[in-house]
Amino acid sequence: MDIWRGSEDGDAVQDQLLASGITDGLPVVPPTAARVERMLQLNHHRADDVITMLPPLLADATWHNAAINAVMAGCRPEYLPIIAAALQAMAAPEFN
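Rules used throughout
Residues numbered from 1 in each chain as written. Predicted model: local features only at pLDDT ≥ 70, side-chain atom pairs only at ≥ 80, totals over all residues. Heavy atoms only, no water. Pairing = 2+ DSSP bridges. Helix = DSSP H or I, 4+ residues; strand = E, 2+ residues; numbered from the N terminus. Patch = residues over 30% accessible without salt bridge, like charges linked within 9 Å, V, L, I, M, F, W, Y side chains within 5 Å. Areas by Shrake-Rupley, 256 points an atom, 1.4 Å probe, with all protein chains shown as cover. Salt bridge = Lys/Arg side-chain N within 4 Å of Asp/Glu carboxyl O. Buried < 20%, exposed > 50% of the residue type's maximum accessible area, 1.4 Å probe, protein only. Polar contact = N/O pair within 3.5 Å; in protein donor to acceptor, adjacent residues only side chain to side chain. Contact = heavy atoms within 4.5 Å.

Q: When you look at the pairing of strand β2 (residues 59-62) in this model, what are you seeing that I'm missing?
A: Successive residues of a regular strand alternate their side chains across the two faces of the sheet. Examined bridge by bridge, strand β1 (residues 50-54) and β2 share four bridges and lie antiparallel to one another. The residue bridging Val50 from the neighbouring strand is Thr62, located in β2. Between β1 and the antiparallel strand that follows it, β2, lie four residues; Leu58 among them carries a positive phi value of about 55 degrees.

If you want it as structure tokens, here you go:
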């Protein structure tokens with residue numbers, strides 16, 4: 001997952017995100033480098049630190065990935081720890 005490098009012009013952004021397959025059509029906030037970095041800085045996390053590994057591929061869920069998704073969902077920076085807790089809960093064996 002990567003930051004958004006496209007337009008920041010309202011409807012054009014939504015059209016570009018939909019065309020690139022990043023969204024399901026619901027409105028999203030473009031995850032620009034500045035927004036993602038702010039999310040990480042306010043939570044004192046390094047982008048490449050791993051929160052957990054997610055099944056079934058056991059792929060690393062990093063703070064960078066979590067921050068990008070949080071920004072796209074319109075989350076405030078103070079919500080990032082809750083998102084991390086949800087990721088960890090989803091990775092727990094008890095979840096399945």
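Q: Help me understand a nonpolar patch on the surface, please; the structure alone is not making it clear to me.
A: Together, Val50, Met53 and Leu58 line one region of the surface with nonpolar side chains, adding up to about 270 Å² of accessible area. Along the chain, Met53 falls in strand β1.

Q: Any chance you could explain the side chain of Thr62 here in plain terms?
A: Tracing the sequence through the fold places Thr62 in strand β2. Of the residues examined, Thr62 reaches a relative accessible area of 14% and is grouped as buried. A polar contact of 2.8 Å, which involves the side chain of Thr62, links it to the side chain of Asn65. When near neighbours in sequence (up to four residues on either side) are disregarded, Thr62 contacts Ala47, Asp48, Asp49, Val50 and Ile51.

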